[in-house]
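What follows is each chain in one-letter form.
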Amino acid sequence: MIEICNITKKYSRHIALDNVSFTIKKNAVVGLLGQNGAGKTTLMDIMAGCNKADSGKIFIHNTLITDKPGEYKNYIAYVPEHPPLYSDMTVLEYINFVAELKAVLKADRKAHIQEILTLTGLEKVAKRLIRNLSKGYKQRIGIAQALIGNAEILIFDEPTVGLDPKQIHDILELIKKLSHNKTIIISSHRLYEIQEICNEYIILHKGVLKHSGQINPTQQGNCIIELLIDNKDISIIDKISPIQFVNKVRKSNVSFINGLELRTLLIDCSGDCFPEKTLNVLLHSNDITIYGLRRIKEDIEHIFLELTKE
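To start, this report covers the structure provided alongside it. (Residues numbered from 1 in each chain as written. Predicted model: local features only at pLDDT ≥ 70, side-chain atom pairs only at ≥ 80, totals over all residues. Heavy atoms only, no water.)

A look at the layout of surface pockets
Taken as a whole, the largest pocket encloses approximately 660 Å³ of empty space. Along the wall of the largest pocket there are 26 residues; nearest its centre are Lys73, Ile76, Ala77, Lys102 and Gln145. Put simply, the parts of the chain that give the lining of the largest pocket at least two residues each are α2 (69-75), β6 (76-79), α3 (91-101) and α5 (135-147). For the lining of the largest pocket, the leading source of residues is α3, giving four residues. Grouping the constituent residues of the lining of the largest pocket by class yields 18 nonpolar, six polar and two charged. (1 Å grid on protein atoms, 1.4 Å probe; cavity = no way out; pocket = protein on both sides within 12 Å on 5 of 7 lines; lining within 4 Å. Points joined across faces, edges and corners; volume = space filled by probe spheres on them. Helix = DSSP H or I, 4+ residues; strand = E, 2+ residues; numbered from the N terminus. Nonpolar A, V, L, I, M, F, W, Y, C, P; charged D, E, K, R; others polar.)

What follows is the structure in C-alpha coordinates.
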(Lines give C-alpha, C1' and ligand atoms only; values in the text may rest on other atoms or scores of the structure.)
Protein backbone atom coordinates (compact mmCIF):
# COMPACT_ATOMS: atom_id res chain seq x y z
CA MET A 1 0.00 0.00 0.00
CA ILE A 2 2.78 2.47 0.94
CA GLU A 3 6.19 2.33 -0.71
CA ILE A 4 8.99 4.55 0.57
CA CYS A 5 11.77 4.54 -2.03
CA ASN A 6 15.26 5.94 -1.36
CA ILE A 7 14.15 8.95 0.69
CA THR A 8 17.03 11.30 1.52
CA LYS A 9 16.84 14.58 3.46
CA LYS A 10 19.67 16.92 4.45
CA TYR A 11 19.75 20.00 6.67
CA SER A 12 22.89 21.86 5.64
CA ARG A 13 25.64 19.26 6.25
CA HIS A 14 23.52 17.07 8.50
CA ILE A 15 21.95 14.03 6.84
CA ALA A 16 18.61 13.45 8.55
CA LEU A 17 17.57 10.57 6.28
CA ASP A 18 19.95 8.56 4.13
CA ASN A 19 18.42 6.55 1.28
CA VAL A 20 15.57 5.08 3.38
CA SER A 21 13.31 2.49 1.73
CA PHE A 22 10.57 0.21 3.05
CA THR A 23 7.05 -1.03 2.28
CA ILE A 24 3.96 -0.97 4.51
CA LYS A 25 1.01 -3.25 3.74
CA LYS A 26 -2.63 -2.23 4.04
CA ASN A 27 -4.00 -2.31 7.63
CA ALA A 28 -0.54 -2.89 9.12
CA VAL A 29 0.31 -1.24 12.44
CA VAL A 30 3.96 -0.24 12.21
CA GLY A 31 6.16 0.99 15.04
CA LEU A 32 8.83 3.51 14.07
CA LEU A 33 11.75 3.26 16.49
CA GLY A 34 14.96 5.19 16.95
CA GLN A 35 16.94 7.33 19.36
CA ASN A 36 16.48 11.09 19.45
CA GLY A 37 17.85 12.49 16.20
CA ALA A 38 17.40 9.21 14.31
CA GLY A 39 15.20 10.88 11.67
CA LYS A 40 11.78 9.59 12.77
CA THR A 41 9.96 12.93 12.88
CA THR A 42 11.57 14.07 9.61
CA LEU A 43 10.38 10.88 7.93
CA MET A 44 6.84 11.27 9.28
CA ASP A 45 6.75 14.94 8.24
CA ILE A 46 7.72 13.93 4.70
CA MET A 47 5.13 11.14 4.60
CA ALA A 48 2.44 13.54 5.84
CA GLY A 49 3.36 16.17 3.26
CA CYS A 50 4.63 18.67 5.87
CA ASN A 51 8.20 18.47 4.59
CA LYS A 52 9.85 17.69 1.29
CA ALA A 53 12.55 15.11 0.64
CA ASP A 54 15.68 16.09 -1.25
CA SER A 55 15.40 12.88 -3.27
CA GLY A 56 13.38 9.69 -3.37
CA LYS A 57 9.74 8.81 -4.03
CA ILE A 58 6.62 7.79 -2.11
CA PHE A 59 3.90 5.65 -3.66
CA ILE A 60 0.41 4.96 -2.30
CA HIS A 61 -1.60 2.26 -4.08
CA ASN A 62 1.15 2.22 -6.73
CA THR A 63 0.57 5.92 -7.48
CA LEU A 64 3.40 8.43 -7.11
CA ILE A 65 2.11 10.99 -4.60
CA THR A 66 3.58 13.95 -6.47
CA ASP A 67 1.38 13.05 -9.46
CA LYS A 68 -1.83 13.52 -7.43
CA PRO A 69 -0.99 15.68 -4.38
CA GLY A 70 -4.61 16.64 -3.67
CA GLU A 71 -5.75 13.03 -3.67
CA TYR A 72 -2.75 12.03 -1.54
CA LYS A 73 -3.77 14.43 1.24
CA ASN A 74 -7.08 12.59 1.54
CA TYR A 75 -5.28 9.32 2.22
CA ILE A 76 -3.06 10.42 5.13
CA ALA A 77 -3.78 12.11 8.47
CA TYR A 78 -1.08 13.17 10.94
CA VAL A 79 -1.17 13.47 14.73
CA PRO A 80 2.04 15.28 15.77
CA GLU A 81 3.47 15.05 19.28
CA HIS A 82 1.86 18.39 20.15
CA PRO A 83 -1.35 18.71 18.07
CA PRO A 84 -1.95 22.33 16.95
CA LEU A 85 -5.25 23.20 18.63
CA TYR A 86 -7.19 26.48 18.94
CA SER A 87 -7.54 26.79 22.69
CA ASP A 88 -10.23 29.51 22.54
CA MET A 89 -12.60 27.19 20.67
CA THR A 90 -14.82 24.51 22.15
CA VAL A 91 -14.10 20.93 21.11
CA LEU A 92 -17.17 20.87 18.85
CA GLU A 93 -16.30 24.22 17.23
CA TYR A 94 -12.79 23.02 16.48
CA ILE A 95 -13.89 19.68 15.01
CA ASN A 96 -16.48 21.50 12.89
CA PHE A 97 -13.76 23.87 11.71
CA VAL A 98 -11.53 20.94 10.70
CA ALA A 99 -14.46 19.32 8.85
CA GLU A 100 -14.89 22.52 6.82
CA LEU A 101 -11.19 22.64 6.02
CA LYS A 102 -11.33 19.03 4.81
CA ALA A 103 -14.43 19.78 2.74
CA VAL A 104 -16.62 17.15 4.39
CA LEU A 105 -20.06 17.35 2.75
CA LYS A 106 -22.54 19.35 4.85
CA ALA A 107 -25.14 16.62 4.48
CA ASP A 108 -22.77 14.12 6.08
CA ARG A 109 -20.94 16.41 8.49
CA LYS A 110 -23.11 16.19 11.62
CA ALA A 111 -23.27 12.40 11.64
CA HIS A 112 -19.58 12.10 10.82
CA ILE A 113 -18.55 14.43 13.66
CA GLN A 114 -20.83 12.68 16.14
CA GLU A 115 -19.35 9.30 15.22
CA ILE A 116 -15.81 10.60 15.81
CA LEU A 117 -16.67 12.30 19.10
CA THR A 118 -18.14 9.01 20.32
CA LEU A 119 -15.16 6.96 19.11
CA THR A 120 -12.60 9.26 20.77
CA GLY A 121 -14.55 9.69 24.01
CA LEU A 122 -15.07 13.44 23.56
CA GLU A 123 -18.87 13.58 23.75
CA LYS A 124 -18.98 14.74 27.38
CA VAL A 125 -16.52 17.61 26.76
CA ALA A 126 -17.75 18.64 23.31
CA LYS A 127 -18.99 22.05 24.53
CA ARG A 128 -16.01 22.85 26.76
CA LEU A 129 -13.16 25.20 25.81
CA ILE A 130 -10.07 23.31 24.70
CA ARG A 131 -7.78 25.38 26.95
CA ASN A 132 -9.59 24.06 30.04
CA LEU A 133 -9.05 20.39 29.20
CA SER A 134 -6.32 17.99 30.33
CA LYS A 135 -3.42 16.91 28.13
CA GLY A 136 -5.09 13.52 27.71
CA TYR A 137 -8.22 15.12 26.26
CA LYS A 138 -6.13 17.41 24.06
CA GLN A 139 -4.39 14.33 22.68
CA ARG A 140 -7.81 12.83 21.93
CA ILE A 141 -8.81 16.04 20.11
CA GLY A 142 -5.65 15.73 18.01
CA ILE A 143 -6.68 12.21 17.07
CA ALA A 144 -10.26 13.31 16.38
CA GLN A 145 -9.15 16.00 13.93
CA ALA A 146 -7.05 13.40 12.11
CA LEU A 147 -10.06 11.10 11.78
CA ILE A 148 -12.18 13.75 10.08
CA GLY A 149 -12.46 12.77 6.43
CA ASN A 150 -11.83 9.03 7.01
CA ALA A 151 -8.17 8.94 5.96
CA GLU A 152 -6.89 5.41 5.33
CA ILE A 153 -3.47 6.05 6.87
CA LEU A 154 -2.84 7.53 10.33
CA ILE A 155 0.57 8.72 11.52
CA PHE A 156 1.16 9.21 15.26
CA ASP A 157 4.27 10.95 16.63
CA GLU A 158 4.77 10.08 20.34
CA PRO A 159 1.03 10.00 21.13
CA THR A 160 1.49 9.12 24.84
CA VAL A 161 4.25 11.56 25.85
CA GLY A 162 3.40 13.43 29.05
CA LEU A 163 0.30 11.38 29.82
CA ASP A 164 -0.46 9.61 33.08
CA PRO A 165 -0.87 5.79 33.15
CA LYS A 166 -4.66 5.93 32.78
CA GLN A 167 -4.44 8.34 29.85
CA ILE A 168 -1.75 6.18 28.20
CA HIS A 169 -3.99 3.11 28.54
CA ASP A 170 -6.96 4.96 27.03
CA ILE A 171 -4.97 6.30 24.05
CA LEU A 172 -3.48 2.86 23.32
CA GLU A 173 -6.92 1.26 23.47
CA LEU A 174 -8.20 3.90 21.05
CA ILE A 175 -5.34 3.22 18.61
CA LYS A 176 -6.10 -0.52 18.84
CA LYS A 177 -9.71 0.19 17.82
CA LEU A 178 -8.58 2.34 14.90
CA SER A 179 -6.18 -0.39 13.73
CA HIS A 180 -9.10 -2.64 12.74
CA ASN A 181 -9.58 -0.73 9.48
CA LYS A 182 -6.68 1.74 9.24
CA THR A 183 -3.02 1.56 8.34
CA ILE A 184 -1.12 3.07 11.27
CA ILE A 185 2.45 4.31 11.68
CA ILE A 186 3.36 5.17 15.27
CA SER A 187 6.58 6.59 16.65
CA SER A 188 7.34 5.95 20.31
CA HIS A 189 10.27 5.65 22.71
CA ARG A 190 8.20 3.27 24.83
CA LEU A 191 9.18 -0.09 23.35
CA TYR A 192 6.57 -1.98 25.35
CA GLU A 193 3.86 0.10 23.66
CA ILE A 194 5.17 -0.86 20.23
CA GLN A 195 5.32 -4.51 21.29
CA GLU A 196 1.72 -4.29 22.52
CA ILE A 197 -0.09 -2.57 19.66
CA CYS A 198 2.05 -3.04 16.52
CA ASN A 199 2.51 -6.04 14.24
CA GLU A 200 5.59 -4.67 12.45
CA TYR A 201 8.46 -2.36 13.33
CA ILE A 202 11.16 -0.26 11.66
CA ILE A 203 14.37 0.85 13.36
CA LEU A 204 16.12 4.05 12.25
CA HIS A 205 19.57 5.01 13.48
CA LYS A 206 21.30 8.24 12.45
CA GLY A 207 19.07 8.53 9.40
CA VAL A 208 19.68 4.97 8.21
CA LEU A 209 17.14 2.15 8.21
CA LYS A 210 18.88 -0.46 10.35
CA HIS A 211 16.23 -3.15 10.47
CA SER A 212 12.57 -3.97 9.91
CA GLY A 213 10.61 -6.99 11.06
CA GLN A 214 7.37 -8.48 12.28
CA ILE A 215 6.10 -8.70 15.83
CA ASN A 216 4.57 -12.11 16.46
CA PRO A 217 5.13 -13.10 20.09
CA THR A 218 2.79 -16.09 19.87
CA GLN A 219 4.65 -17.82 17.06
CA GLN A 220 6.33 -20.92 18.49
CA GLY A 221 9.73 -22.31 17.66
CA ASN A 222 11.31 -18.98 16.71
CA CYS A 223 14.52 -17.72 18.24
CA ILE A 224 17.48 -15.45 17.64
CA ILE A 225 21.03 -16.76 17.70
CA GLU A 226 23.70 -14.26 18.71
CA LEU A 227 26.97 -15.21 17.03
CA LEU A 228 30.33 -13.57 17.73
CA ILE A 229 33.08 -14.05 15.12
CA ASP A 230 36.17 -12.28 13.82
CA ASN A 231 35.11 -9.38 11.59
CA LYS A 232 37.40 -10.65 8.81
CA ASP A 233 35.15 -13.74 8.55
CA ILE A 234 32.03 -11.69 7.81
CA SER A 235 31.64 -13.33 4.37
CA ILE A 236 30.28 -16.43 6.15
CA ILE A 237 26.91 -14.64 6.04
CA ASP A 238 26.63 -15.81 2.43
CA LYS A 239 26.66 -19.43 3.65
CA ILE A 240 24.45 -18.89 6.71
CA SER A 241 21.63 -17.07 4.88
CA PRO A 242 20.59 -20.01 2.59
CA ILE A 243 20.13 -22.41 5.55
CA GLN A 244 16.50 -23.59 5.58
CA PHE A 245 15.61 -22.41 9.09
CA VAL A 246 17.33 -19.00 8.75
CA ASN A 247 14.96 -16.10 8.03
CA LYS A 248 17.46 -13.26 8.16
CA VAL A 249 21.02 -12.47 9.22
CA ARG A 250 21.66 -9.01 10.66
CA LYS A 251 25.03 -7.39 11.25
CA SER A 252 25.20 -5.88 14.71
CA ASN A 253 27.93 -4.06 16.60
CA VAL A 254 31.72 -4.40 16.27
CA SER A 255 33.73 -4.80 19.47
CA PHE A 256 37.46 -4.87 20.17
CA ILE A 257 38.61 -7.56 22.62
CA ASN A 258 42.26 -8.43 23.28
CA GLY A 259 43.33 -6.85 20.01
CA LEU A 260 40.68 -8.65 17.95
CA GLU A 261 37.98 -6.89 15.93
CA LEU A 262 34.89 -9.02 16.60
CA ARG A 263 31.54 -8.77 14.87
CA THR A 264 28.17 -9.74 16.36
CA LEU A 265 25.63 -11.36 14.03
CA LEU A 266 21.95 -11.76 14.93
CA ILE A 267 20.45 -14.76 13.14
CA ASP A 268 16.65 -15.00 13.02
CA CYS A 269 15.64 -18.67 13.04
CA SER A 270 12.23 -20.31 12.70
CA GLY A 271 10.78 -23.74 13.26
CA ASP A 272 11.36 -26.30 16.02
CA CYS A 273 15.05 -26.81 15.42
CA PHE A 274 18.44 -26.67 17.13
CA PRO A 275 20.28 -24.08 15.02
CA GLU A 276 23.30 -24.05 17.37
CA LYS A 277 24.43 -27.49 16.15
CA THR A 278 24.09 -26.65 12.44
CA LEU A 279 25.89 -23.33 12.85
CA ASN A 280 28.68 -24.97 14.84
CA VAL A 281 29.29 -27.53 12.10
CA LEU A 282 29.17 -24.91 9.33
CA LEU A 283 31.60 -22.53 11.03
CA HIS A 284 34.11 -25.21 12.02
CA SER A 285 34.06 -26.70 8.52
CA ASN A 286 35.03 -23.25 7.22
CA ASP A 287 37.83 -22.86 9.83
CA ILE A 288 36.03 -19.96 11.51
CA THR A 289 36.59 -19.47 15.24
CA ILE A 290 33.45 -18.97 17.32
CA TYR A 291 33.96 -16.44 20.12
CA GLY A 292 30.35 -16.55 21.28
CA LEU A 293 27.19 -18.45 20.38
CA ARG A 294 23.97 -18.20 22.36
CA ARG A 295 20.21 -18.24 22.00
CA ILE A 296 18.63 -14.96 23.13
CA LYS A 297 15.11 -13.81 23.87
CA GLU A 298 13.35 -12.37 20.83
CA ASP A 299 12.02 -8.96 21.74
CA ILE A 300 12.20 -5.51 20.25
CA GLU A 301 14.17 -4.05 23.12
CA HIS A 302 17.11 -6.40 22.62
CA ILE A 303 17.15 -5.92 18.85
CA PHE A 304 16.86 -2.13 19.23
CA LEU A 305 19.69 -1.88 21.76
CA GLU A 306 21.97 -4.13 19.71
CA LEU A 307 21.39 -2.27 16.45
CA THR A 308 21.81 1.21 17.91
CA LYS A 309 25.01 0.54 19.87
CA GLU A 310 27.91 2.80 19.05
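So, the packing of aromatic side chains
Taken as a whole, this structure holds two aromatic pairs when the rule is applied. Judged by centre distance (6.2 Å) and plane angle (55 degrees), the ring pair of Tyr86 and Tyr94 falls under tilted. Given a relative accessible area of 4%, Tyr94 falls into the buried group. Relative to Phe97, the ring of Tyr86 has its centre 5.7 Å away and its plane inclined at 85 degrees; by these criteria the two rings are edge-to-face. Of this pair, Tyr86 sits in the loop between β6 and α3 while Phe97 sits in helix α3, placing them 11 residues apart in sequence. Given a relative accessible area of 28%, Phe97 falls into the partly exposed group. Aromatic rings pair up to connect Tyr86, Tyr94 and Phe97 into one cluster. (Phe/Tyr/Trp six-rings, centres within 6.5 Å; stacked < 30°, edge-to-face > 60°. Buried < 20%, exposed > 50% of the residue type's maximum accessible area, 1.4 Å probe, protein only.)

With respect to the side chain of Thr90
Assignment of secondary structure puts Thr90 in the loop between β6 and α3. In this view, Thr90 contacts Ala126, Lys127, Arg128, Leu129 and Ile130; residues no more than four positions away in its chain are not counted. (Contact = heavy atoms within 4.5 Å.)

Observations concerning the packing of α3 against helix α4 (residues 106-119)
The interhelical angle for the contact between α3 and α4, taken along N-to-C directions, is 125 degrees, at an axis separation of 11 Å. On the basis of the axis angle, α3 is oblique to α4. Every pair of crossing elements has a handedness; the one defined by α3 and α4 is right-handed. The residues of α4 that touch α3, namely those facing Val91, Leu92, Ile95, Asn96, Ala99 and Glu100, are Arg109, Ile113 and Leu117. Looking at the contact of α3 with α4, its residues break down into six nonpolar, one polar and two charged. (Axes fitted to C-alpha atoms, helices over the stretch in contact; angles between N-to-C directions. Parallel < 35°, antiparallel > 145°, perpendicular 65-115°, else oblique. Left-handed = near helix turned anticlockwise from the far one by under 90°.)

Considerations on the environment of Ile130
Structurally, the position occupied by Ile130 is in the loop between α4 and α5. Judged by its relative accessible area of 1%, Ile130 falls in the buried class. Other than its neighbours up to four places away in sequence, Ile130 contacts Leu85, Tyr86, Ser87, Met89, Thr90, Val91, Tyr94, Lys138 and Ile141.

From the geometry alone we can't say anything about function, so treat these as descriptive.
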